[in-house]
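Here is what each chain is made of, one letter per residue.
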Amino acid sequence: MPLSSPHDPIPYGRLALALSLGAAVSLGITRFAYGLLLPPMREDLGWSYALAGSMNTANAVGYLLGAMAMARLLQRTSPSRLFVVGAVLATLFMAASGFFTSAAALLLQRLLAGVASGLVFSTGGLLAARLGTRQPQRSGLLLGLYYGGTGIGIALSALGVPLVLDMAQGRPHAWSWGWWAMALLCAGATALMVWPARVLDRLEAAPPVAASGAAGLTEAPRRFRWRDFAFGLLGYMGFGIGYIGYMTFVIALLREQGASAAAVSTFYALLGLAVIASSRIWAGLLDRHRDGQPLARLNALLGVAAIVPALTTAWPLLLASGLLFGAVFLSVVASTTALVRHNLPPTQWAAGISAFTVTFAAGQIVGPTVVGFIADGPGGLARGLVFSAGALWLGALLALRQRAL
């Protein structure tokens, strides 16, 4: 399926790809690249796994605050402006993390970076959903392209951070240079995000094409109500609890199992590339279903991927785990945006996306600390990933009960 029609003056595909840099900044770099720095920071600073996990818990708390603030802030400014401002702030907070060794100060930096990334990711999702109304037949693909941008951030981090850490060997707190490298990546992506933000601001002033994918909504407008989406929200919370444990600790587990730095970089880069590819893999599934089926199926697959490193040290199976995880996990996020878009009129999308983002963030608050606490006890990180897989499978069962409105 081509990204843009030669007869269409608006480059929808390129806009979605440029928007995807917001996902690269907010999740791919600001959230997930921390997993690459966790082992050297833990060794240098003498952290427990519980404290290491609490860093991503602080980030998730900030993400929750950012998501909760989105609806109120959108009453005062446009989503495009909030999208870019949030990325600028995320860049600054990432850079600041390289200047501190105090756990309290680093927790604060992770909290603030989470606030900024919550604003970027949720407003970017809203912009991608609105872009989909102008090409309803490809809305699933456009959403997938946006969320797949997280893989760009993961892949760039996997290639760049280990190289920077190797160059900084012998310097005090060499991991600091990893934070500064990630801030540089965020700055470059933020500069490129200005173009889609400006174009979408202009498009907002023009009426969209008829949204055939929202059939029936124009005749009977529906307001967002939490109870209508209860099982979808609970299933998404299970996703938030389960996936973040894997993304926070899988690199540390691989290092414990004896994987080399090159092997870890390969694993993480392939995971990121799988995220990018996921936009095309699951686009049809997101377009076909108006209920919780996509969320349930994808959660179940993630549970399989998450439990593999807890059961085996065979490198081909570990690579398969990373590839499967990468090919699925951001499509879970896209599935909730598609659920909102299929079942609510455009005027209610911001409220729906904000509710799912809040639920997602609440799950992420629980996941890293619980997995870290489990990892400090008997069974270590492997047992923590068993907990993550269980949370994902529970989320799948709950999502199965979500019906189309």
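Our subject is the structure listed above.
Sequence positions are assigned chain by chain, starting from 1 and proceeding in written order. Selection of residues for local features in this predicted model requires a pLDDT of at least 70, selection of side-chain atom pairs for listing and counting requires 80 or more, and totals for whole chains, interfaces and linings are taken over all residues. Remark: hydrogens and water are excluded; side-chain values derive from all non-hydrogen atoms of the structure.

## Thoughts on the overall build of the protein chain
Then comes step 1: Along its length, the protein chain carries 14 helices and 0 strands.
Then comes step 2: Labels follow the DSSP assignment, with helices taken as runs of H or I lasting at least four residues and strands as runs of E lasting at least two, numbered in each case from the N terminus. When the elements of the protein chain are put in sequence order from the N terminus, they spell out α-α-α-α-α-α-α-α-α-α-α-α-α-α.
Then comes step 3: Every radius of gyration here is taken over C-alpha atoms, with the globule rule written as 2.2 Å times N^0.38, N being the number of residues. Relative to the compact-globule value of 22 Å for 405 residues, the protein chain shows a C-alpha radius of gyration of 20 Å, a close match.
Then comes step 4: Over its C-alpha atoms, taken along the principal directions, the protein chain stretches across nearly 60 × 40 × 35 Å.
Then comes step 5: Counting all 405 residues of the protein chain, 59% fall into the buried class.
Then comes step 6: In what follows, a contact means two residues having at least one pair of non-hydrogen atoms within 4.5 Å. Intrachain contacts of the protein chain at a sequence separation of at least 6 include 85% that bridge at least 24 residues. Accessibility here uses a 1.4 Å probe with only protein chains present; expressed as a share of the type maximum, an area under 20% marks a residue as buried, one over 50% as exposed, and anything in between as partly exposed.

## Points about the nonpolar core
Then comes step 1: In plain words, nonpolar cores are sets of buried Ala, Val, Leu, Ile, Met, Phe, Trp, Tyr and Cys residues tied together by side-chain atoms within 4.5 Å. By size, the foremost hydrophobic cluster in this structure holds 124 residues, and its most contacted members are Phe239, Met247 and Phe329.
Then comes step 2: In terms of residues, this core owes the most to one element, helix α8 (residues 230–256), which gives 13 residues.

## Here's the deal with the environment of alanine 16
Then comes step 1: Its location among the elements puts alanine 16 in helix α1 (residues 12–29).
Then comes step 2: Expressed as a C-alpha distance, the spacing of alanine 16 and leucine 142, which sit 126 residues apart in the sequence, is 5.9 Å.
Then comes step 3: What alanine 16 contacts, discounting residues up to four positions off in sequence, is Leu131, Leu142, Leu145 and Tyr146.

## Digging into the packing of helix α9 (residues 261–281) against helix α12 (residues 315–343)
Then comes step 1: Their axes nearest at 7 Å, the elements α9 and α12 cross at an angle of 35°. Judged by the twist between their axes, the crossing of α9 over α12 is right-handed. Of the residues in α12, those touching α9 at Ala263, Phe267, Leu270, Leu271, Ala274, Val275, Ser278 and Ile281 are Trp315, Leu318, Leu319, Gly322, Leu323, Gly326, Ala327, Phe329, Leu330 and Ser331.
Then comes step 2: The nonpolar class holds Ala, Val, Leu, Ile, Met, Phe, Trp, Tyr, Cys and Pro. Asp, Glu, Lys and Arg form the charged class, and all remaining residues, Gly among them, are polar. Residues of the contact of α9 with α12, tallied by class, amount to 14 nonpolar, 4 polar and no charged. Axis lines are fitted to C-alpha atoms, over the contacting stretch for helices. Their N-to-C directions set the angle, which ranges from 0 to 180 degrees. Definitions for this section: a left-handed crossing has its near helix turned counterclockwise from the far helix by less than a right angle. A right-handed crossing has that turn clockwise.

## A short note on the environment of glycine 148
Then comes step 1: Along the chain, the position of glycine 148 falls in helix α6 (residues 139–167).
Then comes step 2: Residues glycine 148 and valine 328, spaced 180 residues apart in sequence, show a C-alpha to C-alpha distance of 9.8 Å.
Then comes step 3: Once you skip the residues sitting within four places of it in the chain, glycine 148 turns out to touch Val275 and Ile276.

## So, the packing of helix α13 (residues 349–375) against helix α14 (residues 380–399)
Then comes step 1: Here α13 crosses α14 at 145°, and the two axes come no closer than 7 Å. Crossing handedness for the pair α13 and α14: right-handed. Only Gly380, Leu381, Arg383, Gly384, Phe387 and Ser388 of α14 make contact with α13, whose side of the interface consists of Val370, Val371, Ile374 and Ala375.
Then comes step 2: When its residues are assigned to classes, the contact of α13 with α14 shows 6 nonpolar, 3 polar and 1 charged.

## Looking at the side chain of threonine 190
Then comes step 1: Its location among the elements puts threonine 190 in helix α7 (residues 176–204).
Then comes step 2: Among the polar contacts made by the side chain of threonine 190, one reaches the main-chain carbonyl oxygen of cysteine 186 at a distance of 2.7 Å.
Then comes step 3: Excluding residues that lie within four positions of it along the chain, threonine 190 makes contacts with Val25, Val84, Ala87, Val88 and Thr91. Polar contacts, as used here, are pairs of N or O atoms within 3.5 Å; protein pairs need one atom able to donate a hydrogen and one able to accept it. Residues neighboring in sequence count only if both atoms are side-chain atoms.

## Details of α8
Then comes step 1: In this model, α8 (27 residues) spans 39 Å end to end at C-alpha, consistent with the 39 Å of a helix rising 1.5 Å per residue.
Then comes step 2: Its axis deflected by about 45° at phenylalanine 249, α8 carries its strongest bend there.
Then comes step 3: Burial runs high along α8: 21 of the 27 residues are buried. The span expected for a helix works out to 1.5 Å for each residue beyond the first. At any given residue, the bend is defined as the angle formed between two axes, one fitted to the seven residues that end at that position and one fitted to the seven that begin there.

Note that all results are geometric; they support no functional claim without further evidence.
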